[in-house]
Amino acid sequence: MKKPISGIMEKLTFWRGGADISSSNYGSTRSHNSDKPDKDKTDLENGDGSSREQWGNPIEFLLSCVAMSVGLGNIWRFPFVAYENGGGAFLIPYIVVLIFIGKPLYYMELCLGQFASRGSVKVWEMSPAFKGIGYGQAIATWSVVTYYVSLMALTVFYFIGSFNSSLPWATCGNWSTADCVGTMANVSLLEKHDFKSSSDEYFNLEVLRISPDGLDHGIEAPEWRLSLCLLFSWLVLFVVLVKGVASSGKVAYFTALFPYLVLFILLIRGVTLPGAEEGILFFITPQWHKLLELDVWYAAVSQSFFSLSVGFGSITMFASYNGFRHNVYRDSTIISITDTFTSLLAGFTIFSILGHLAHQLGVPVSEVIKEGGTSLAFISYPDVLARFTWAPQFFAVLFFLMLFTLGVGSASALTGCVITIICDEFPNLKKPYVTLGVSLVGFLLGLFYVTPQGQYILTLIDYFGGGFIIFILAALEVIAVQWVYGIKRFCKDIEFMLDRKTGWYWKICWAGIIPISLVVILCYTLAVAKPLTHGTYVFGTGANVFGLLLTLLAIAMVPVFFVVGLYKCPEVSFLESVKRLFKPSQEWGPQDPLLKEHYLDFIRGFKQPTEGIDNPMGVSD
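Residues numbered from 1 in each chain as written. Predicted model: local features only at pLDDT ≥ 70, side-chain atom pairs only at ≥ 80, totals over all residues. Heavy atoms only, no water.

1. Let's talk about the packing of helix α6 (residues 131-161) against helix α9 (residues 224-241)
For any two helices packed against each other, the geometry is given by the interaxial angle and the distance between the axes.
Logical step 1: Close contact between α6 and α9 brings their axes to 8 Å; oriented N to C, the two are set at 115°. One finds that α6 runs roughly perpendicular with respect to α9. In the packing of α6 onto α9, the handedness of the crossing is right-handed. On α9, the residues that touch Trp142, Val145, Val149, Ser150, Met152, Ala153, Leu154, Val156 and Phe157 of α6 are Arg225, Leu226, Cys229, Leu230, Phe232, Ser233, Trp234 and Leu237.
Logical step 2: Class assignment of the residues belonging to the contact of α6 with α9 gives a composition of 14 nonpolar, 2 polar and 1 charged. (Axes fitted to C-alpha atoms, helices over the stretch in contact; angles between N-to-C directions. Helix = DSSP H or I, 4+ residues; strand = E, 2+ residues; numbered from the N terminus. Parallel < 35°, antiparallel > 145°, perpendicular 65-115°, else oblique. Left-handed = near helix turned anticlockwise from the far one by under 90°. Contact = heavy atoms within 4.5 Å. Nonpolar A, V, L, I, M, F, W, Y, C, P; charged D, E, K, R; others polar.)

Rendered as structure tokens:
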């Protein structure tokens, strides 16, 4: 029986990443002091026998994950979603979802990628029948990337404009209509006469040059200034990704840390402004009756997925470049807590300054925030910045530089996921050329988003290509891993890799709570679906058909590659071929030959089989 202090010390040792992983102790949860291992043993422990590139150090991986998870959604999506769904009360469903869905999914995807040292497609050697999930995630990821970088282009445009002697959206210009009034106008007058603020018209008429007819009359030519900003954004991504994790890992020091510096500067400035307390109270005051509404819980799940980036394949991709023994258990906890903290920090920062705007105008806070997303980032917040009496240009430069930095962190992860899938599938291709090709195609597709119809296209692609489709693929992913491959086998894989047994909390979440919750959410989403709109514009039949085809294309990857797998299967019997596709292939396991040999010995060493109700097909070694 272990002494209490010994048990505590072992947990601390594991948390620091120092569990015993020697070949004589594979699968054990004990930690021992040992002499310095020789080089062969060190290579075996770290998985260095694989030729796959790896992170320069563990900090680069951790910061890259933080930069990926902490993105634009934390700044302009979370504060508005929280306000719209119960204020402070929204934190309850959000944290519940984070604990029982978000964090377990994040940890599962980290373990998958690190164990197999493969991207989000090749990792399905664990159960080839579900290889299409990886390709479906790639389609969803690419859909998000194409419009995400266009949002970065908008931040570049505003960043450049912030260097003017007077912020260009502070007053009406030659681009404005007769209904435009400057930032110092009284909102009560705006409402009475149906006027619009200069920041609103600047964004819609000068920057986007948005078409009021939507997609009804086709797509016009791209706006040349935004096209150049888009080109610059893709050039930055290319430079970040051209050398793989060797380059993106170094950039993560800036993309992960700089936004916090800006957020704290803006928070300090915000809370010192008159009216800040009203804005913060408006943000955190709970509306308890909202907890009984299913919409609030759906919003919590959506925000968790969007924020943590689970279900897109990028987490699996990042972890695949880790050493085999890296402590991803610790990292998943750090990242999920950091993501939540950042969302709250952004909420306090945004609403402290919006409270000041409401105080200046003498109106309730609800009157200065009409909607979230791009309107909050490019209309409401610039309107506040223009009203600063001291150095508004300085704070505008900081704000939009922060948004661009956040975009680089997330977009590089999503784009890197696509690049990894291509390089894993075609290992003879050189990564710099693949990165160049992906960046070029991304730029060309991004031109659609900088046309006068760009925001309508963005709304369409976001809803059908990067919205609830992720819930479908995530549900299939967790069912495939925990019920087909088998939760027993998966937990043994984690034990072999991390020298750590998996507790009941993880097993219950993986095998029960997550798949059931995601299926319920899917049914609820379909039941309450409404016609897709952008502002007052209602999308027509053609646009909705295109969106549905995009969704079906991603989902169809699962049965299509199942059929492809059957065609390639060497088994003569159809039933035997089907069974083979639901079992791990010969390529599944650690990529290092020595590690794989010990892994197979480790699996064979268990008297009880690793199949059961969670895997009726059985699992082959």
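2. Considerations on helix α12 (residues 294-308)
Logical step 1: With 15 residues, α12 should cover 21 Å at 1.5 Å per step; its first-to-last C-alpha distance of 21 Å lies within 8% of that length.
Logical step 2: Those residues of α12 lying buried are Val296, Ala299, Ala300, Val301, Ser302, Gln303, Ser304, Phe305, Ser307 and Leu308.
Logical step 3: At the exit of α12 stands Ser309, carrying a positive phi of roughly 65°. (Expected span 1.5 Å × (residues − 1). Buried < 20%, exposed > 50% of the residue type's maximum accessible area, 1.4 Å probe, protein only.)

3. Considering the side chain of Asn322
Logical step 1: Along the chain, Asn322 turns up in the loop between α13 (314-319) and α14 (328-361).
Logical step 2: For Asn322, a relative accessible area of 4% puts it in the buried group.
Logical step 3: Of the polar contacts made by the side chain of Asn322, one reaches the side chain of Gln114; its length is 3.0 Å.
Logical step 4: With residues up to four places along the chain from it excluded, the contact list for Asn322 reads Gln54, Trp55, Phe61, Gln114 and Val328. (Polar contact = N/O pair within 3.5 Å; in protein donor to acceptor, adjacent residues only side chain to side chain.)

4. Brief notes about the environment of Ile265
Logical step 1: By secondary structure assignment, the location of Ile265 is in helix α10 (residues 245-271).
Logical step 2: Under the relative-accessibility criterion, Ile265 is labelled partly exposed at 29%.
Logical step 3: Separated by 134 residues in the primary sequence, Ile265 and Phe399 have C-alpha atoms spaced 9.9 Å apart.
Logical step 4: Once you skip the residues sitting within four places of it in the chain, Ile265 turns out to touch Phe395 and Leu398.

5. So, the state of the cysteines
Logical step 1: Tallied over the entire structure, the rule returns 1 disulfide.
Logical step 2: One disulfide in the model links Cys172 with Cys180; its S-S distance is 2.0 Å. Between Cys172 and Cys180, the S-S torsion sits near -95°, and that sign places the bridge as left-handed.
Logical step 3: Residue classification places Cys180 among the buried residues on the basis of a relative accessible area of 12%. (Disulfide = S-S within 2.5 Å.)

6. Looking at the pattern of salt bridges
Logical step 1: Enumeration according to the criterion identifies 13 salt bridges in this entry.
Logical step 2: Notably, a salt bridge pairs Glu223 with Arg225, separated by 2.8 Å at the nearest N-O pair.
Logical step 3: Judged by its relative accessible area of 17%, Arg225 is buried.
Logical step 4: The partner of Arg330 in a salt bridge is Asp331, and the shortest N-O contact between them spans 3.4 Å.
Logical step 5: Exposure remark for Asp331: the relative accessible area of 2% places this residue in the buried category.
Logical step 6: What emerges from the salt-bridge pattern is a single network uniting Glu206, Arg209, Glu223 and Arg225. (Salt bridge = Lys/Arg side-chain N within 4 Å of Asp/Glu carboxyl O.)

7. Considering the packing of helix α3 (residues 58-69) against α10
Logical step 1: The interhelical angle for the contact between α3 and α10, taken along N-to-C directions, is 55°, at an axis separation of 8 Å. With respect to α10, the axis of α3 lies oblique. Every pair of crossing elements has a handedness; the one defined by α3 and α10 is left-handed. Of the residues in α10, those touching α3 at Ile59, Glu60, Leu63, Ser64, Val66 and Ala67 are Val245, Ser248, Gly249, Lys250, Ala252, Tyr253, Thr255, Ala256, Leu257 and Tyr260.
Logical step 2: Residues of the contact of α3 with α10, tallied by class, amount to 10 nonpolar, 4 polar and 2 charged.

8. Remarks on the packing of aromatic side chains
Logical step 1: Counting across every chain of the model gives 53 aromatic pairs.
Logical step 2: Here the aromatic rings of Tyr158 and Phe378 are separated by 5.1 Å at their centres, their planes lie at 40°, and the arrangement is tilted. Placement of Tyr158 in helix α6 and of Phe378 in helix α15 (residues 374-386) is noted, with a sequence separation of 220 residues between them. The same class applies to Tyr158 and to Phe378, which are both buried.
Logical step 3: Each member of the aromatic cluster is reached from another via a ring pair, and the members are Tyr158, Trp169, Trp175, Tyr202, Phe203, Phe378, Tyr381, Phe399 and Phe400.
Logical step 4: It is Arg77 that lies over the ring of Phe306; its NZ or CZ is 4.8 Å from the centre.
Logical step 5: Over the face of the ring belonging to Tyr329 we find Arg500, whose NZ or CZ atom lies 3.5 Å from the ring centre. (Phe/Tyr/Trp six-rings, centres within 6.5 Å; stacked < 30°, edge-to-face > 60°. Lys NZ or Arg CZ within 6 Å of the ring centre and 35° of its normal.)

9. Concerning unusual backbone geometry
Trans peptide bonds make up most of the peptide bonds, and negative phi angles are found at most residues other than glycine.
Logical step 1: Even without being glycine, Ser117 reaches a positive phi, approximately 50°.
Logical step 2: Inspection of the secondary structure assignment puts Ser117 in the loop between α5 (91-116) and α6.
Logical step 3: The phi angle at Asp499 is positive, at roughly 60°, despite the residue not being glycine.

10. Quick word on the nonpolar core
Buried together is how nonpolar side chains tend to be arranged in soluble globular proteins.
Logical step 1: By size, the foremost hydrophobic cluster in this structure holds 196 residues, and its most contacted members are Phe305 and Trp510.
Logical step 2: The element contributing the most residues to this core is helix α19 (residues 469-498), with 19 residues. (Core = buried A, V, L, I, M, F, W, Y, C linked by side-chain atoms within 4.5 Å.)

11. Examining the confidence of the model for the protein
Close inspection of predicted coordinates is inappropriate in any region flagged by low pLDDT.
Logical step 1: On average, the protein scores 84 in pLDDT, and the residues at 70 or more come to 86%.
Logical step 2: Contacts from residues 6-15, a stretch scored under 50 in pLDDT, to residues over four places away or in other chains number 15 contacts.
Logical step 3: Here residues 18-49 is a poorly scored stretch, pLDDT under 50, and it has 62 contacts once near neighbours within four places are set aside; other chains count. (pLDDT = per-residue confidence, 0-100.)

12. Topic: a nonpolar patch on the surface
Logical step 1: On the surface, Ile92, Ile95, Val96, Ile99, Phe100, Trp288 and Trp297 cluster together into a nonpolar patch covering about 600 Å² of accessible area.
Logical step 2: No other element matches α5, which puts 5 residues into the nonpolar patch.
Logical step 3: Among the secondary structure elements, Ile95 is positioned in helix α5.
Logical step 4: The exposure class of Ile95 is partly exposed, given its relative accessible area of 38%. (Patch = residues over 30% accessible without salt bridge, like charges linked within 9 Å, V, L, I, M, F, W, Y side chains within 5 Å. Areas by Shrake-Rupley, 256 points an atom, 1.4 Å probe, with all protein chains shown as cover.)

13. With respect to α9
Logical step 1: Taking 1.5 Å per residue as the helical rise, α9 with its 18 residues ought to reach 26 Å, and the 26 Å between its terminal C-alpha atoms agrees with that figure.
Logical step 2: Turning to α9, its buried residues number three or more, namely Arg225, Leu226, Ser227, Cys229, Leu230, Ser233, Trp234, Leu237, Val240 and Leu241.
Logical step 3: Buried residues in α9 make contact with α6, α8 (198-207), α10, α16 (392-425) and α17 (431-446).

14. Notes on the side chain of Ser248
Logical step 1: In this structure, Ser248 sits in helix α10.
Logical step 2: Here Ser248 falls in the buried class, since its relative accessible area comes to 11%.
Logical step 3: Apart from the residues lying within four places of it in its own chain, the contact partners of Ser248 are Trp55, Ser64, Val240 and Leu241.

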